[in-house]
Amino acid sequence: MTAIIRIALAILFLDNFVVGAWNAIWPASFYANFPTVDLTPPFSEHYARDFGTASLAIALLLGIAAVKPKAHFVIPAAAAYSVFALPHFFYHLTNMQGATVGEAILLTTANAAVALIGLVIILLTALRDRSAARRDLASSRAAR
C-alpha cells in the first residue's frame, strides 16, 4: 500500500510543482496557455505569482511525504493539498461560463481526479497504519 501512496503523492507533487513553477516564474504565459485559465479574467500577475508560490509550497510538502511516507508527513501534506483542491473543484464545477463542452468535461474530470487523490492518500495512509498497528498488537500477544 505504501507504493500506491508514494505514486499518488508523486502525481500530486509533479502537478503542483509544474503548475506552481510555471505560474510563479511565467505568470502571463500560464494565463495565456494553460487550458481554461483564460475563462476567468482578468489576469493579475500578483495573484498568479502568489498562487504559483503557494502551489510550490504544497509541492514541497507532497515531495517530503513521497520520500518519507510516514503518516506524520503524508496526512498533513495530503490534507494541505485537499484544502486547496476541493474548493477549487467546486468553484470550477459551478463556474463554467464560456467553456466549451470539451473544456467543461476536461476541467471537471481533471479537478475531480486530483481532488480525490488527496482524499484517497489520507484514507490509504490511515488504513495502512491501522493494519500495521493490528499486526503489531497480534504479534506482541503471540510472543507472550
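Keep in mind that what you see is a predicted model, and the values were worked out from it rather than measured.

Q: So what's going on with the packing of helix H3 (residues 45-67) against helix H4 (residues 71-94)? Which residues, and what values?
A: Between H3 and H4, whose axes approach to 8 Å, the crossing angle comes to 155 degrees. Between H3 and H4, the angle is such that the two are roughly antiparallel. Note that H3 runs across H4; the crossing there is left-handed. Only Phe 73, Val 74, Ala 77, Ala 78, Ala 80, Tyr 81 and Phe 84 of H4 make contact with H3, whose side of the interface consists of Phe 51, Ile 58, Leu 61, Leu 62, Ile 64 and Ala 65.

Q: I'd like a rundown of the side chain of Asn 16, residues and numbers included.
A: Take Asn 16: it is sitting in helix H1 (residues 2-25). The buried category is assigned to Asn 16, whose relative accessible area is 4%. What Asn 16 contacts, discounting residues up to four positions off in sequence, is Ala 21, Ser 55, Leu 56, Ile 58, Ala 59, Leu 62 and Tyr 81.

Basis of the calculations
Residues numbered from 1 in each chain as written. Predicted model: local features only at pLDDT ≥ 70, side-chain atom pairs only at ≥ 80, totals over all residues. Heavy atoms only, no water. Axes fitted to C-alpha atoms, helices over the stretch in contact; angles between N-to-C directions. Helix = DSSP H or I, 4+ residues; strand = E, 2+ residues; numbered from the N terminus. Parallel < 35°, antiparallel > 145°, perpendicular 65-115°, else oblique. Left-handed = near helix turned anticlockwise from the far one by under 90°. Contact = heavy atoms within 4.5 Å. Buried < 20%, exposed > 50% of the residue type's maximum accessible area, 1.4 Å probe, protein only.

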